[in-house]
Amino acid sequence: MRVTLAITGASGAQYGLRLLEVLLSNGHQVYLMVSKAAHVVIATETTWQLPARPAELEAELVKRFAIDPSLLHVFGREQWMAPVASGSGAPSAMVICPCSTGTLSAIATGACNNLIERAADVALKERRKLIVVPRESPYSAIHLENMLKITNMGGVILPASPGFYHQPEHVSDLVDFIVARILNQLGIEQQLLPRWGEQFS
């Protein structure tokens, strides 16, 4: 499966990075975009020091995850000829994880000021799967209205709100909870979290 993944400048970079790792390790092709603000958040919340230039970032991630280079393609914010900028080239699914409230607003209003926003606009207009993972608290009326707009346009709002019924022991278990929910939405088999009822059977 090909998936477009955008990591933006909300807190919760671990969710996006873990999702990237799981997708690549299972042989799925990923078209990746990382916003400028996301680089700042990643450096703040993790020990990762990722290069800003797309080609260098791609090489670093291929090395870090020890994957076939053909599985990962990293695009810059104004790389308008990237496949994700057109309905004829974009994958059938896009995930924005985490999604900043600024990106949320841009998607809801149809702004296409960068490639992430354009890719989301393409997903909506082509009636393809768009999964938006906001990580904000509390939500303002503006945030909620923007989420409702995206939902009404066919997008899926999947807040980064992990559950605890699987009795997590580590922070990584909470991260995997959200990643598993995203994979379920994508229709991708996952072993990170049992589906409801399986842990009791």
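The preceding data block contains the structure.
Nothing here was measured: the structure is a model prediction, and the numbers come from that model. (Residues numbered from 1 in each chain as written. Predicted model: local features only at pLDDT ≥ 70, side-chain atom pairs only at ≥ 80, totals over all residues. Heavy atoms only, no water.)

Trainee: How should the packing of helix α1 (residues 13–25) against helix α2 (residues 36–45) be read in this particular structure?
Mentor: Helix packing geometry: the angle between the two helix axes and the distance between the axes. One can describe the packing of α1 onto α2 by two numbers: an axis separation of 9 Å at closest approach and a directional angle of 95°. As the angle between them shows, α1 and α2 are arranged roughly perpendicular. Contact residues: Ala-13, Gln-14 and Leu-17 in α1; Val-41, Ile-42 and Glu-45 in α2. (Axes fitted to C-alpha atoms, helices over the stretch in contact; angles between N-to-C directions. Helix = DSSP H or I, 4+ residues; strand = E, 2+ residues; numbered from the N terminus. Parallel < 35°, antiparallel > 145°, perpendicular 65-115°, else oblique. Contact = heavy atoms within 4.5 Å.)

Trainee: Before we go on, may I ask you to explain the pairing of strand β5 (residues 129–134) in this structure?
Mentor: One face of the sheet, then the other: side chains in a regular strand alternate in exactly this way. Counting buried positions along β5 gives five out of six residues, so the element sits mostly inside the fold. Bridge count between strand β4 (residues 93–99) and β5: five bridges; the pairing is parallel. Note on β5: the bridge partner recorded for Ala-93 is Lys-129. Bridge count for β5 against strand β6 (residues 156–157) is two bridges, and the pairing is parallel. Bridging across to β6, Ile-131 finds its partner in Val-156. (Buried < 20%, exposed > 50% of the residue type's maximum accessible area, 1.4 Å probe, protein only. Pairing = 2+ DSSP bridges.)

Trainee: How should the packing of aromatic side chains be read in this particular structure?
Mentor: Two descriptors summarise a pair of aromatic rings, namely the distance from one centre to the other and the angle between the planes of the rings. Counted by the stated rule, this structure contains three aromatic pairs. Arranged with centres 5.5 Å apart and planes meeting at 85°, the rings of Tyr-31 and Phe-75 form a pair that is edge-to-face. Taken together, the residues span a long stretch of sequence, with Tyr-31 in strand β2 (residues 29–34) and Phe-75 in the loop between β3 (72–74) and β4 at a distance of 44 residues. Neither Tyr-31 nor Phe-75 differs from the other in exposure class; each is buried. Taken together, a centroid distance of 6.0 Å and an interplanar angle of 55° make the contact between Trp-48 and Phe-65 tilted. Pair noted here: Trp-48 is in the loop between α2 and α3 (54–65) and Phe-65 is in helix α3, with a separation of 17 residues, a long-range link. The class of Trp-48 is buried, set by a relative accessible area of 16%. Positioned over the ring face of Trp-48 is Arg-64, at 3.9 Å from the centre of the ring. (Phe/Tyr/Trp six-rings, centres within 6.5 Å; stacked < 30°, edge-to-face > 60°. Lys NZ or Arg CZ within 6 Å of the ring centre and 35° of its normal.)

Trainee: How do you make sense of the sheet that holds β4 when you look at a structure like this?
Mentor: For sheets, the rule is that strands pair by backbone hydrogen bonds, running either parallel or antiparallel. Read from one edge of the open sheet, six strands run β3-β2-β1-β4-β5-β6, paired in parallel fashion. What marks the edges here is a single partner per strand, and that holds for β3 and β6. Packing against the sheet, α1 makes contact with β1 (2–7), β2, β3 and β4, and its axis sits at approximately 160° to β1.

Without other data, these values stay purely geometric and don't point to any function.
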